[in-house]
Amino acid sequence: MELTPEQVKQFDRDGFLLFPNLFSGEEVDILRQETDRISQIRSEMVVREGETEAVKIMFRLHETDGETASPAFRAAAHTPRILRAAQQCLHDDDVYMHHSKLNMKAAIEGSAWMWHQDFHAWHLDGIAEPNMATMTVVLTEATPLNGCMYVLPGSHREGRSDPRRDESTAYKLWVAKTPDMKEYMKKYPEPVPIVGGAGTAALFHCNLLHASGHNLSAEDRWQIFFCFNQCKNRPADVENPRPDYVRSRNWTPLTVSAEDGIVTAGRELAA
Ligand code: SIN
Ligand code: MN
């Protein structure tokens, strides 16, 4: 897949692109089997929440080594649909993955993500320029009831806002301050929900404001995120760097593979 120049312009203008049904039912089934498998692993890379210890996030699925490594998610990350789109929107063919994560937002219990810009945490990781983008793929249908993600169109042009630390969920993060957020919501168009059947994807800029609500539905909401950075924008050394699973030290440029990589990986996993 190659994005059209209009799509790249749209990304620059709105800060995101939507891709309904980008991945097939067969591909999604393979990725869901892998999600099931990895969610059984006990590791610091698998973050749980609530009394039932439901998985909230699983990290580092895209590498060849480590407890949470998944050949199928690795293959997904290298498909033209994901990697080529990221290269085109970052206007650079040399990109690497800052991290990958799979948010499992469990039925009834899965918690919200307050409005935030991803780049704040990544700047603290030592990354100078907001030239990063994330491709996310929904692995179960995403709806407002199950806590789909919302994006605030054009808000990446705001630059970095001054955030506050939110420690209300099992994953602590930097979020937009409420008075600022109220102003942004007056200034920009209505938030856009990232909804659609499993396999639907979105690519979004690292300064785009986004959020998602609690999962009030009876089904889990599973969604993978691949966060890309330009190799030339790799982090500078920082004191007490975050672990490799959130701040990768693998800065080798990624190479685009064939589109059928997930299906091939699925066959190998089944053999
Ligand atoms: C995130 O912003 O990192 C997660 C949002 C979500 O899973 O809905
Ligand atoms: Mn985010």
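Because the structure is predicted, anything quoted here is derived from the model rather than measured. (Residues numbered from 1 in each chain as written. Chains lettered and ligands numbered in written order. Predicted model: local features only at pLDDT ≥ 70, side-chain atom pairs only at ≥ 80, totals over all residues. Heavy atoms only, no water.)

## A few points about the overall build of the protein chain
From N to C terminus, the protein chain includes 7 helices and 13 strands. Relative to the globule expectation of 18 Å for 271 residues, the C-alpha radius of gyration of the protein chain, 17 Å, shows essentially globular dimensions. Its C-alpha atoms put the protein chain at 55 × 45 × 40 Å along the principal axes. Looking at the protein chain as a whole, 57% of its 271 residues are labelled buried. Of the contacts formed within the protein chain by residues at least 6 apart in sequence, a portion of 82% connects residues at least 24 apart. A total accessible area of about 11800 Å² is found for the protein chain, and carbon and sulfur atoms account for 52% of it. Here the protein chain carries 29 positive and 39 negative side-chain charges, and the mean point of each set is 4 Å from the other. (Helix = DSSP H or I, 4+ residues; strand = E, 2+ residues; numbered from the N terminus. Rg over C-alpha atoms; globule rule 2.2 N^0.38 Å. Buried < 20%, exposed > 50% of the residue type's maximum accessible area, 1.4 Å probe, protein only. Contact = heavy atoms within 4.5 Å. Areas by Shrake-Rupley, 256 points an atom, 1.4 Å probe, with all protein chains shown as cover. Lys, Arg positive; Asp, Glu negative; His and termini not counted. Charge placed at Lys NZ, Arg CZ, Asp CG, Glu CD.)

## Brief notes about the site of ligand 1
In the region of ligand 1, the neighbouring residues are Lys-101, Asn-103, Lys-105, Trp-113, His-116, Met-149, His-210, Ser-212, Arg-221 and Phe-225. At 3.3 Å, a side-chain N or O of Lys-101 approaches an oxygen atom of ligand 1. For ligand 1, whose accessible area on its own is 260 Å², the fraction buried by protein is 99%. Taking a 2 Å distance to the grid points as the criterion, the majority of the atoms of ligand 1 fall inside the largest pocket. (Near = heavy atom within 4 Å. Polar contact = N/O pair within 3.5 Å; in protein donor to acceptor, adjacent residues only side chain to side chain. 1 Å grid on protein atoms, 1.4 Å probe; cavity = no way out; pocket = protein on both sides within 12 Å on 5 of 7 lines; lining within 4 Å. Sits in = over half its atoms within 2 Å of the grid points.)

## Quick look at the pairing of strand β2 (residues 46–49)
In the case of a regular strand, side chains alternate between the two sheet surfaces. Across 4 bridges, the pairing between β2 and strand β3 (residues 54–59) is antiparallel. Considered in β3, the bridge of Val-46 is made with Met-58. Linking β2 back to β3 in an antiparallel pair, the connection comprises 4 residues, with Gly-50 at a positive phi of about 75°. (Pairing = 2+ DSSP bridges.)

## Some details on helix α7 (residues 261–270)
Of all the residues in α7, the buried ones are Gly-261, Ile-262, Val-263, Ala-265 and Gly-266. Close packing links the buried residues of α7 with α2 (25–38) and α3 (71–78).

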